[in-house]
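In case you want the letters, here they are:
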Amino acid sequence: MRLLRFQLTAGLAATLALGFAATSGKSSVATPQTPSTSQGAAPSSQGGQTTIPNPTQANIPLSQPRMGLNIVVLDPAHGGTDLGARGTEGIRESEVILEFSSRLKQTLEAQGFQVLTTRDGNDNPSFDDRSARANAQRGAIFITLHIASTGLPGTVRTYVMAEFPPATNTTRLISWDRAQAPFVGLSHKLGDLVQQDLAKRFRGSPATATVAPVRQLRTTAAPAIAVEISSVVVQQRGELDRMIPGVADAITHGVVAFRPSYILPLVSSAGGGNQP
Amino acid sequence: MIAKWRLWLGGALLVAVIGAALYFPALRRQVNVAKQLTEKTAEQARRELLPPAPVSSGDPKVRVRMFWGSKTGDSFTPVTVELPLSTDPVLRAKQVLNTLLAGPIDPETRTLPADAALLAFYLLPDGTGVADFSESMSTSIPSGIQSEQMAVDSITRTLEANVPQVQRLKILLHGQEMDTLAGHLDLTQTFLVNTSGLGTQPKASAASLLTAPIHKAVETMKSVTKR
């Protein structure tokens, strides 16, 4: 069984390996990173959708210590030779989702988050490479973006992993294959917050997040959700394009609402969904 | 004056051209038939070689609940049908899964690809069912988390309703353990089938509840099949 590959920060390794309970007031490890400034951030109000107040405009100092959440890792699914769902009018999921990711990045940056993406062009990183992008960060959340080929057009669903069964691993390291285990509770909270906002904007969408064993989420050591828009089976590409600003704003609202509750979880040897 | 041999040669060529013109359409038909035969995939060939669904006329007809999808494709509409089902859990699982694969009357409510086939089904002593589907299960399924979850949920719910001996389900594709069904849903672990002992799980469908890794169970299965 492979153990979690720590790609960058020693701080993350210490947090995960030693099971350090991190809160903003308890230790230096828990001191959140200063969020990046919103350089290059686009206006938060576009397409006639609900506006989100910009913290820089609301006189909230960016250097103010915050809870764990600083970074949002966006994962536009598919890419390269993997086109994802394909619909009428030549709609390709891998292309539409890149534009969606770009829009979401703008709205999140406008809220003071540092946003990283798993791909910016037409390439297709592996599941593990995508997860590694989030696992190498401290105080990150992971959002994988999809467009379905089925389902009621005009609806959006958020997916989260189910609780993991107890593990027999006696080391205090998280298995790469179960990296999501300590974060499942936080992922559910994030997923529900995002989905509640999506349900208000897109009639027919579920009220809460749906549990599904999404492969991409399993190896991600951070609160992680998958958001899937229905669907490529629309008459015109414009129908999907019109949904994108609303979905981006709903996700951003959910992430902003989730920010105060993000405390890095205590990692137990069992790794069975231990929550703060 | 034209030489006699030239006349013979010209006549022979004319006959050859007429003969070729008559033979060409037939030859073309033969080539097309041959082409269709060679285009048959290994998948189709294997499917043809598979024994038909083991239905015995001696088995009693019982009411079976099949979980096909709804028109919107995001929920299930259980359908009750009468089938002669074996009492043997392995045969019974094969029978209900083949019926599920055969699809409902309304093709729009189909949850599994029309060209997918169940290649094998095993039941391990611990209640783990191992269903080996053809590659079409992966290649022909509509892309997306929702569609893949619907496919797996329809299998697990149908097994839960009709084959109580199956507690968990491991899905193989063409005999191989795969990372995902079609790029989204995780196939590396087992899906819970029988949820009766779990209490209430309001948010989780049966298929979404992952249980422990199956590596040991698969190894056991391999050792059983080798014998």
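None of these values were measured; they are calculated from a predicted model.

**Digging into the overall build of chain A**
Part 1: Helix and strand counts for chain A come out as 6 helices and 6 strands.
Part 2: Shown N-terminal to C-terminal, the secondary structure of chain A runs as helices and strands in the order α-β-α-β-α-β-β-α-β-α-β-α.
Part 3: Expressed as a percentage of the 276 residues in chain A, the buried residues total 53%.
Part 4: Within chain A, residue pairs in contact and separated by at least 24 positions form 80% of the contacts whose partners lie at least 6 positions apart.

**Remarks on the overall build of chain B**
Part 1: Within chain B, the secondary structure is distributed over 6 helices and 7 strands.
Part 2: Along chain B, helices and strands appear, N-terminal first, in the series α-α-β-β-α-β-β-α-α-β-β-β-α.
Part 3: Residues counted as buried form 37% of the 227 residues belonging to chain B.
Part 4: Counted over contacts in chain B with a minimum sequence separation of 6, partners at least 24 positions apart contribute 65%.

**Details of the packing of helix α2 (residues 93–109) of chain A against helix α6 (residues 237–258) of chain A**
Residue and element names in this part refer to chain A.
Part 1: Two elements in contact, α2 and α6, have axes separated by 9 Å at closest approach and are oriented at 40°. Between α2 and α6, the crossing angle belongs to the class labelled oblique. Remark: the crossing between α2 and α6 carries right-handed chirality. For the pair formed by α2 and α6, the contact residues are Val 96, Glu 99, Phe 100, Arg 103, Leu 104, Thr 107 and Leu 108 on the first element and Leu 240, Ile 244, Pro 245, Ala 248, Asp 249, Ile 251, Thr 252 and Val 255 on the second.

**Examining the sheet that holds strand β2 (residues 114–117) of chain A**
Part 1: Strand order across the open sheet formed by 6 strands is β2-β1-β3-β6-β4-β5 (chain A), with mixed pairing between neighbours. Where the open sheet ends on each side, the last strands, each with one partner, are β2 and β5 (210–211) of chain A.
Part 2: Two strands pair when backbone bridges link them, and strand β3 (residues 140–147) of chain A and strand β6 (residues 224–230) of chain A are joined in this way by 6 bridges, in the parallel orientation. Within β6(A), the residue paired with Ile147(A) across the bridge is Ile229(A).
Part 3: Sitting on the sheet, helix α5 (residues 145–162) of chain B is in contact with β3, β4 (155–160) and β6 of chain A, with an inclination near 100° to β6(A).

**Focus on the environment of Glu239(A)**
Part 1: Its place among the elements puts Glu239(A) in helix α6.
Part 2: Residues Glu239(A) and Gly154(A), 85 residues apart in the sequence, show an inter-C-alpha distance of 8.1 Å.

**Considering the confidence of the model for chain B**
Residue and element names in this part refer to chain B.
Part 1: Of all residues in chain B, 75% have pLDDT values of 70 or greater, and the mean over the chain is 81.
Part 2: With pLDDT under 50 throughout, residues 198–204 is counted as low confidence; its partners more than four residues away or in other chains account for 7 contacts.
Part 3: In the predicted assembly, ipTM is 0.74 and pTM is 0.73.

**Focus on the interface of chain A and chain B**
Part 1: Between chain A and chain B, the residue contacts involve 23 residues of the former and 23 residues of the latter.
Part 2: Across the side of chain A that touches chain B, the residue classes break down as 12 nonpolar, 6 polar and 5 charged.

**Topic: the packing of helix α3 (residues 89–102) of chain B against α5(B)**
Residue and element names in this part refer to chain B.
Part 1: Look at α3 against α5: their axes get within 10 Å of each other, and the N-to-C directions meet at 135°. With respect to their mutual orientation, α3 and α5 come out oblique. Of the two possible hands of crossing, α3 and α5 adopt the one that is right-handed. Taking contact as the criterion, the partners of Arg 92, Ala 93, Val 96, Leu 97 and Leu 100 in α3 are, on α5, Ser 154, Ile 155, Thr 158, Leu 159 and Asn 162.

**Thoughts on the pairing of strand β4 (residues 128–133) of chain B**
Residues and elements named next belong to chain B.
Part 1: Taken across its 6 residues, β4 has 5 buried, putting it largely inside the fold.
Part 2: In the sheet, strand β3 (residues 118–123) pairs with β4 via 5 bridges, with the strands oriented antiparallel. Pairing of Phe 121 across the sheet is with Ala 131, part of β4.
Part 3: Here β3 hands over to β4 after 4 residues, with Gly 127 in that stretch at a positive phi of 90°.
Part 4: Pairing of β4 with strand β5 (residues 168–173), which is carried by 6 bridges, proceeds in the parallel orientation. Across the sheet, Asp 132 pairs through a bridge with Leu 172, a residue of β5.

**Re the nonpolar core**
Among soluble globular proteins, nonpolar side chains are generally buried collectively.
Part 1: Residues Val72(A), Ile141(A), Ile143(A), Ile225(A), Val247(A), Ile251(A) and Leu97(B) are the most contacted members of the largest nonpolar core, which totals 105 residues.
Part 2: The residues contacting Ile141(A), other than those within four sequence positions of it, are Leu69(A), Val72(A), Leu190(A), Ala222(A), Pro223(A), Ala224(A) and Val255(A).

**Let's talk about the environment of Ser136(B)**
Residue and element names in this part refer to chain B.
Part 1: Mapped onto the fold, Ser 136 is located in helix α4 (residues 136–139).
Part 2: Take Ser 136: there are 21 C-beta atoms within 10 Å of it, and that puts it in the buried class.
Part 3: As for Ser 136 and Ile 171, which are separated by 35 residues in sequence, their C-alpha atoms are 13 Å apart.

**Focus: α3(B)**
Residues and elements named next belong to chain B.
Part 1: Over its 14 residues, α3 runs 20 Å from end to end, which matches the ideal 20 Å to within 8%, given 1.5 Å per residue.
Part 2: Those residues of α3 that sit buried are Arg 92, Ala 93, Lys 94, Gln 95, Val 96, Leu 97, Leu 100 and Leu 101.
Part 3: Following α3 by one or two positions, Gly 103 has its phi on the positive side, about 95°.

Criteria and cut-off values
- Residues numbered from 1 in each chain as written.
- Chains lettered and ligands numbered in written order.
- Predicted model: local features only at pLDDT ≥ 70, side-chain atom pairs only at ≥ 80, totals over all residues.
- Helix = DSSP H or I, 4+ residues; strand = E, 2+ residues; numbered from the N terminus.
- Buried ≥ 20, exposed ≤ 12 C-beta atoms within 10 Å, placed from the backbone.
- Contact = placed C-beta atoms within 7 Å.
- Axes fitted to C-alpha atoms, helices over the stretch in contact; angles between N-to-C directions.
- Parallel < 35°, antiparallel > 145°, perpendicular 65-115°, else oblique.
- Left-handed = near helix turned anticlockwise from the far one by under 90°.
- Pairing = 2+ DSSP bridges.
- pLDDT = per-residue confidence, 0-100.
- Nonpolar A, V, L, I, M, F, W, Y, C, P; charged D, E, K, R; others polar.
- Core = buried A, V, L, I, M, F, W, Y, C linked by C-beta atoms within 7 Å.
- Expected span 1.5 Å × (residues − 1).

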